[in-house]
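# Architecture and fold: a report
Spelled out from the first residue to the last, the chains are:
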Amino acid sequence: MPDNFEKLEDAQKTENNQEGQIIYHDDVQQKPPFFLLRWFRKRPIPTAVGIISILAIIAGLAFFYKITRGLPPIEALRDYQQSLITNIYSDNNKVLGQYYIERRRPVSLSRIPKHLKNAVIAVEDSRFYQHGALDYFGIARALVTNILTGEIRQGGSTITQQLARSLFLSRERSLERKIKEAILAGRLEKLYTKDDILEFYLNQIYFGHGAYGIQSAANTYFGKDVEDITLHEAAFLAGLPKAPADHSPYHNPEKAKQRQEVVLKRMVEEKYIGEKDYQEAYKKSLVFERRKKDKEIAPYFLEYIRQYLEANYGSDMIYRGGMNVYTTANYEMQEAATKVLKHGLRELDKRQGFRGPVGHRSPDEVQDIKKGKEARGMIIPPPDFGKDELLDATVIAVGNEGASVDTRSLKGRILFDDMKWARKRLLDPNDVEKYKYNEKAKPPDILKVGDVIKVAVKGIDSKTKETLFVLEQEPMVEGALLALDPRTGAIKAMAGGYDFEKSKFNRAIQAKRQPGSAFKPIIYAAAVDMGYSPSTVLVDAPIVYEDPTLEKDWKPLNYDEKFHGFISMRNALAYSRNVATIRLLEKVGTRPVIDFAQRVGIKNPLANDLSVALGSSSITLHELTSVFGIFANQGVKTETMSIKTITTREGKVLLEETETKSESILSKETAYLITNMLEDVIQYGTGQRAKTLGRQLAGKTGTTNEFTDAWFIGYTPNLVVGVWVGFDDRKSLGAGEAGARAALPIWIDFMKTALNQIPEESFTIPEDIVFTRIDPENGLLATDNTKNPVIEVFKRGSEPTKLSDASKPTQFFRMD
């Protein structure tokens, strides 16, 4: 092989012909690869370096392409906008809630005090105004420090890098992420001034406890606007971004104070403040704002609205667009709905029995709790939780007068009277029918030291100034409340369950449950629509239905298992007589009743048999409440609405509902007669408790077999409200927990607030309604000899024409 190479070398005198082809002398044609090999042979080191450099460049370009492929383009950085909050307003323009990814309130750099800007720069990036996107001096310093300490003590990230990471990257620790961060930081530095970047950073960064941006942080921790932040407060806030959770004053007060000191020392080192300023600021106590839990008064309604917005405008518009959504909900009614439903379910849960403590602490843990901790130079008030808020508490002492408890934020007592309900102890937490009741039980029999229990604040003892608590427990039972304006269909309040965080299933809209006797007004309305009247006499007597498909005959009973004999339709509805209603349904017919129910808005399928008289078919609270709204609105059905107007953050109108969508379904006379009959449910029937409200009201209770469901639907001329209570898995609520006991008190408590939001009105009497004096024993016209005559209402032309004759046997006005 060497000989051949030498021969080829001697023959390599070449020249180019006119066509540019290479001609080799001695008739030996040399091919290019051999020429390159000879060149490589004469220059081996430069060749190797060149090849490696080319490969390195190719690899670098490939890596750079891989790294930058997923990064936003420069245009995206220039046009980047922080996610904005979408506000949801009530009908009186109060904020019901917000949709956001990060809750922030951007402020201009000019509003931020100089000492606060200096504090942030001193502790996060002291050479911020001297370097570009990267601080090479800072990187070297951090590297040396980390090597000397043997651990990662410092980072070299600039404020621009931190901003890039916060905007576009994760907090994953990797070389790839650091390179991406550096690239994005460089792009940001090209697009924005240093002041722009600092302003963006202070409005973007997270300060803990849900506070994004410096304005939210100032308000969260000190209850101030950012321009009012003092030096010692600024040093605390500037120390938070590095590790908000670790430096939280509410969780780690000692670490928070230490971090403040670090920031103040850095400000001294950077000559932003003097030693005297440092000493004064450090000694001054940090007075923190009382920590507040977000007041969620409309979680189910907000989710109902969110689903509509997402379906029509998309999630980007909701969470980044900053829309303003003006709803139909009344703030005060909505607040009351959420509150009274929680309270009513807790009261029912207590009647069912105590399930026991939710946990237990060891004696050592109890001792640690008793000692407590307090940080020097920090004033941290207990959380601002309302009386309805359930808190975890540890029992630290028990005596015959009550128990002492500690919630970590508050210490206080539970008096014996406020835990007596726990004398009834459930033997099986999932079965309210299995319990043990100890009438003589004292506090030591109910609670033990170390028990972890649920409590609510009752108030302050006027003598000892101690906080007083009430023993509580999280209800397992569920419920829902829905309030509508019958004239417009507007949702005024919605509560779909006890706790939205635990269950987002909206029982006001989605749950299909048996309405029991709350369905009866539909049957009676169908009868009235066919010509029956409130004075029509029904038979409330035992009856047996034979059905070969059933194991035994059906013998329907009334709630009290008693029978009243002959009874008017009015009284049958007022007292909710099951058997009389079944007999009425027999005469009217199940098919006509089902058709009527569908006409007034029942969409779920109904059983085509006599059991429909007892509300055996499942429907939603929304459906039934809307039907009662037709009675309240003189026979006119309105389409449910929840949003009045939607605008963008610039004020552009996206949606505006100006007209009520309605349709006349029933005659005014039919609607009024049913309303008039349902007024007596409250005057002397199953809904008598509502009389305490002192307003003209109509409504109906509902209870299903085994006390599985409890209902009350009631209304005024301008508001209809439905309440349902039950277990999601359809267990019994417990003996006696009928609609009048489990649901009606919630309805009454809600109406105490709701009635103050609407004008007092009376039900309108249509022109074709007549009032006639009749004999209540038979429904015929009263005479001078009639005992205890009453005034009854009729559609014109349907009033009785025959006189009652007291000397003859009672002649009942038969339905047929």
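Refer to the structure presented above.
Remember, it's a predicted structure, so these values are computed and weren't measured experimentally. For every chain, the first residue of its written sequence is number 1, and the numbers climb from 1 along that sequence. Since the coordinates come from a predicted model, pLDDT governs what is reported: local features require at least 70, and pairs of side-chain atoms require 80 or more to be given and counted, while whole-chain, interface and lining totals use all residues. Values reported for side chains reflect all heavy atoms of the structure, with hydrogen atoms and water molecules removed beforehand.

This next bit is on the pairing of strand S10 (residues 402–406). Burial here depends on accessible area, computed with a 1.4 Å probe over protein chains only, as a share of the maximum for the residue type. Under 20% is buried, over 50% is exposed, and the range in between is partly exposed. Under the DSSP-based scheme used, a helix requires at least four consecutive residues in state H or I and a strand at least two consecutive residues in state E, with every element numbered from the N terminus. Where burial is concerned, most of S10 is hidden: four out of the five residues are buried. Paired strands, in this sense, are two strands between which DSSP finds at least two bridges. As paired elements, strand S9 (residues 391–399) and S10 share five bridges and run antiparallel to each other. Note that in S10 the partner of Val395 across the bridge is Val405. Hairpin geometry of S9 and S10 is characterised by an intervening segment of two residues between the two adjacent antiparallel strands. The pairing of S10 with strand S11 (residues 411–415) spans five bridges and is classified as antiparallel. Across the sheet, the residue bridging to Gly402 is Leu415, located in S11. Between S10 and the antiparallel strand that follows it, S11, lie four residues; Arg408 among them carries a positive phi value of about 80 degrees.

Our next topic: the sheet that holds strand S3 (residues 86–89). The strand order S4-S3-S6-S21-S22 describes an open sheet built from five strands, whose pairing is mixed. Only two strands of the sheet have a single partner each, and these edge strands are strand S4 (95–99) and strand S22 (653–656). Strand-to-strand twist of the sheet, defined as the mean angle between neighbouring strand axes without regard to direction, takes the value 15 degrees. In this structure, strand S6 (residues 324–327) lies alongside strand S21 (residues 643–647), joined through four bridges in antiparallel fashion. Directly across from Tyr326, in S21, lies its bridge partner Thr645. Sheet strands touched by helix H14 (residues 299–313): S3, S4, S6, S21 and S22. Its angle to S4, the strand with the most contacts, is close to 50 degrees. An axis is simply a line fitted to the C-alpha atoms; with a helix, the fit covers only the stretch in contact. Between two such axes, the angle follows the N-to-C directions and lies from 0 to 180 degrees. Contact definition: two residues touch when any of their heavy atoms are within 4.5 Å.

What follows concerns the pattern of salt bridges. Note on definitions: salt bridges are taken to be side-chain nitrogens of Lys or Arg within 4 Å of carboxyl oxygens of Asp or Glu. Across all of its chains, the model carries 37 salt bridges by this definition. Measuring nitrogen to oxygen at the nearest pair gives 3.2 Å for the salt bridge that ties Glu472 to Lys350. With a gap of 122 residues between them, Glu472 in strand S15 (residues 467–472) and Lys350 in helix H16 (residues 331–352) connect regions that are remote in the sequence. Overall, the relative accessible area of 9% leaves Glu472 in the buried class.

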